[in-house]
Amino acid sequence: MTNTLYHGVYFSELLFHAASMTEAQGRRLILADGKHSAQEEREAIQYLLDLRCDGIIIYPRFLSVDEIDDIIQQQQQPVLVINRRLRRNSSHCVYCDQKSASQQAVEKLIARGHRDIAFITGSLDSPTGIERLSGYKDALTKHGIAIRDELIVEGKWTPATGAAGVDMLRERQVSFSALVASNDDMAVGAIKQLHAHGVSVPQQVSVIGFDDIALAPYMIPALSSVRIPVTEMIKETHQPAYFLCSMAVTSSINKPSQASLSSAIR
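Here the structure is a predicted model, which is why all the values come from computation and not from measurement. All residue numbers here refer to positions counted from 1 along the written sequence of the relevant chain. This being a predicted model, a pLDDT of at least 70 is required before a residue's local features are given, and a value of 80 or more before pairs of side-chain atoms are given or counted; all residues contribute to the totals for chains, interfaces and linings. The side-chain figures draw on all heavy atoms in the structure; neither hydrogens nor water molecules are used.

Trainee: Just to check I follow, could you spell out the pairing of strand β3 (residues 79-82) for this structure?
Mentor: Regular strands have side chains that alternate between both faces of the sheet. Using a 1.4 Å probe on the protein chains alone, a residue whose accessible area is under 20% of its type maximum counts as buried, one over 50% counts as exposed, and one in between counts as partly exposed. Starting at the N terminus, helices and strands are each numbered in turn, a helix being any DSSP run of H or I of at least four residues and a strand any DSSP run of E of at least two. A two-sided burial pattern is seen for β3, the buried positions comprising V79 and V81 on one face and L80 and I82 on the other. Two strands qualify as a pair provided that DSSP identifies no fewer than 2 bridges between them. When strand β2 (residues 55-59) meets β3, the two strands line up parallel, connected through three bridges. Within β3, the residue paired with I58 across the bridge is V81.

See the structure below:
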């Protein structure tokens, strides 16, 4: 996991449910930090293996799917993977289709008549960030709308980079009637900056985020958001009988039967 795990709303919810479900089983949650590289993720996983944890859940950011598949096949301890779709060990992953979720969010805006839709990406060294951007592009292409690079700005999952994204779009002097931010934190920053520039939301610009944070419905106006089923993903990892034991989680920074969980737009 990256250090953003410790303050991001998405990962806070994920860890809360992981700890709650583990404690309910009379077990302990051990947390290892994969930090900022594939090598550090390998070291975090090895640390948990060396502790002889009975089960390991990983939320990788930098390790490739092939290497994750190799790790699973090489270990006797059960390893489950969150938010990555595996090729050779599909029974060991729980994931949400981030690309499809993003595509659906953009198509909702298109259905309302929007054609000039800006997009603030998440970190593009993150699989989630890449997939959400891909979904945005696919939605535009599907509906015959040209992909305009000037309407795409890169963010880093924080409110400050959401606000900076709006400033960048204004500096480019591009017009847009809707904006999709790759998470709610950036959407909050974007809305604040739009208001600072005298742009009304949603009267002049509609905004959609991701993660459906607890604050979203209490904003004025309420923030439209794509709900990612974090709780359900954690529940799926705890269902197998051999995970009803000491658990460990490692992640980096977005099933003994494969589970693909659906998102929803509020």
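This is not the end of the story, as more comes after the structure.
Trainee: Can you walk me through helix α5 (residues 127-142) in this structure?
Mentor: Residues that lie three or four places apart on an α-helix share one face, since the helix turns once every 3.6 residues. Expected span, for any helix, means 1.5 Å times one less than how many residues it has. Its 16 residues place the ends of α5 22 Å apart at the C-alpha level, agreeing with the 22 Å of an ideal helix rising 1.5 Å per residue. Contact between two residues is taken to exist if any of their heavy atoms lie within 4.5 Å; hydrogens are not considered. Contacts from the buried residues of α5 go to β2, α4 (98-111), β5 (117-121), β6 (152-154) and β8 (206-210). Measuring from the backbone nitrogen of T128 back to the side-chain oxygen at the start of α5 gives 3.2 Å, which picks out S126 as the cap. Positive backbone phi, approximately 70°, marks G144, located one or two places after α5. Here a polar contact is recorded for every N or O atom pair within 3.5 Å, except that within protein the pair must consist of a potential hydrogen donor and a potential acceptor, and residues adjacent in sequence are included only if both atoms are side-chain atoms.

Trainee: Hey, could you run me through the packing of α4 against α5 in this one?
Mentor: A pair of packed helices can be characterised by two numbers: the angle between their axes and the separation between those axes. Where helices are involved, their axes are fitted lines through C-alpha atoms of the stretch in contact, as for all axes, and angles between N-to-C directions lie from 0 to 180°. With their axes 7 Å apart at the nearest point, α4 and α5 run at an angle of 40° to one another. One finds that α4 runs oblique with respect to α5. Both α4 and α5 take part in a crossing whose hand is right-handed. Residues Q98, K99, S102, Q103, V106, E107 and I110 of α4 lie in contact with α5, whose contacting residues are T128, E131, R132, S134, G135, Y136, D138, A139, L140 and K142. The residue makeup of the contact of α4 with α5, split by class, is five nonpolar, six polar and six charged. For classification purposes, an angle smaller than 35 degrees is called roughly parallel, one larger than 145 roughly antiparallel, one from 65 to 115 roughly perpendicular, and anything else oblique. For a crossing to be left-handed, the near helix must be turned anticlockwise from the far one by less than a right angle; the clockwise case is right-handed. Note on residue classes: Ala, Val, Leu, Ile, Met, Phe, Trp, Tyr, Cys and Pro are nonpolar, Asp, Glu, Lys and Arg are charged, and everything else, Gly too, is polar.

Trainee: What should I look at first to understand the confidence of the model for the chain in this one?
Mentor: As a general rule, the predicted coordinates of low-pLDDT regions are not to be interpreted in detail. Confidence per residue, as judged by the predictor, is encoded in pLDDT with a range of 0 to 100. Considering every residue of the chain, the mean pLDDT works out to 82; 82% of them sit at 70 or more. A low-confidence stretch, residues 240-262 (pLDDT under 50), is modelled with 121 contacts involving residues beyond four sequence positions or located in other chains.

Trainee: When you look at the pattern of salt bridges in this model, what are you seeing that I'm missing?
Mentor: Should their charged atoms come close, side chains of opposite charge can pair. Salt bridges, as used here, are contacts in which a Lys or Arg side-chain nitrogen is within 4 Å of a carboxyl oxygen on Asp or Glu. Evaluation of the coordinates by the stated rule reveals 10 salt bridges. Residue K142 is joined to E107 by a salt bridge in which the shortest nitrogen-to-oxygen separation is 3.1 Å. Residue K142 is found in helix α5, and its partner E107 is found in helix α4; the two are separated by 35 residues along the sequence. Note that K156 is salt-bridged to E154, the shortest N-O span being 3.2 Å. Among the residues examined, K156 registers a relative accessible area of 43% and is labelled partly exposed. Salt bridges linked by common partners bring D116, R148 and E150 together as one network.

Trainee: Any chance you could explain the pairing of β5 here in plain terms?
Mentor: Taking burial as the measure, the five residues of β5 include five buried ones, the bulk of the element. Going residue by residue along β5, you find I117, F119 and T121 tucked away on one face and A118 and I120 tucked away on the opposite face as well. By the bridge criterion, four bridges tie β5 to strand β7 (residues 178-181) in an arrangement that is parallel. The residue of β7 that forms the bridge with F119 is V180. Pairing between β5 and β6: three bridges, direction parallel. Residue pairing in the sheet places I120 in a bridge with V153 of β6. A clockwise course of the path from the first strand over the helix to the second, judged with the strands pointing away from the viewer, identifies a crossover as right-handed. Traced from β5 through α5 to β6, the parallel crossover comes out right-handed.

Trainee: Can you walk me through helix α6 (residues 159-171) in this structure?
Mentor: Helix length check: α6 (13 residues) gives 19 Å between terminal C-alpha atoms against 18 Å at 1.5 Å per residue, within 8%. T161, G162, A163, G165, V166 and L169 are the residues of α6 that are buried. Residues of α6 that are buried in the fold lie against β5, β6, β7 and α7 (184-196). Among the residues trailing α6, Q173 stands out with phi positive, at a value near 60°.

Trainee: How should I be thinking about the layout of surface pockets in this particular structure?
Mentor: Where empty space is left becomes clear once a probe the size of a water molecule has been rolled over the atoms. The method works on a 1 Å grid over the protein atoms by themselves. A cavity is a set of points holding a 1.4 Å probe that cannot get out, a pocket is an open set with protein on both sides within 12 Å along at least five of seven lines, and residues with an atom within 4 Å of a point line them. Grid points are joined across faces, edges and corners, and a volume is the space filled by probe spheres set on the points. There is about 190 Å³ of room inside the second largest pocket. Taken together, V65, N83, R84, R85, Y95, C96, D97, Q98, K99, P127, T128 and E131 make up the full set of residues lining the second largest pocket. Of all the secondary structure elements, the ones that give two or more residues to the lining of the second largest pocket are β4 (93-96), α4 and α5. The residue makeup of the lining of the second largest pocket, split by class, is four nonpolar, three polar and five charged. Where a domain begins and ends is set by an automatic assignment or by a domain database. Structurally, the lining of the second largest pocket is a two-domain feature, drawing no fewer than three residues from each of domain 1 (3-96 + 229-261) and domain 2 (98-227).

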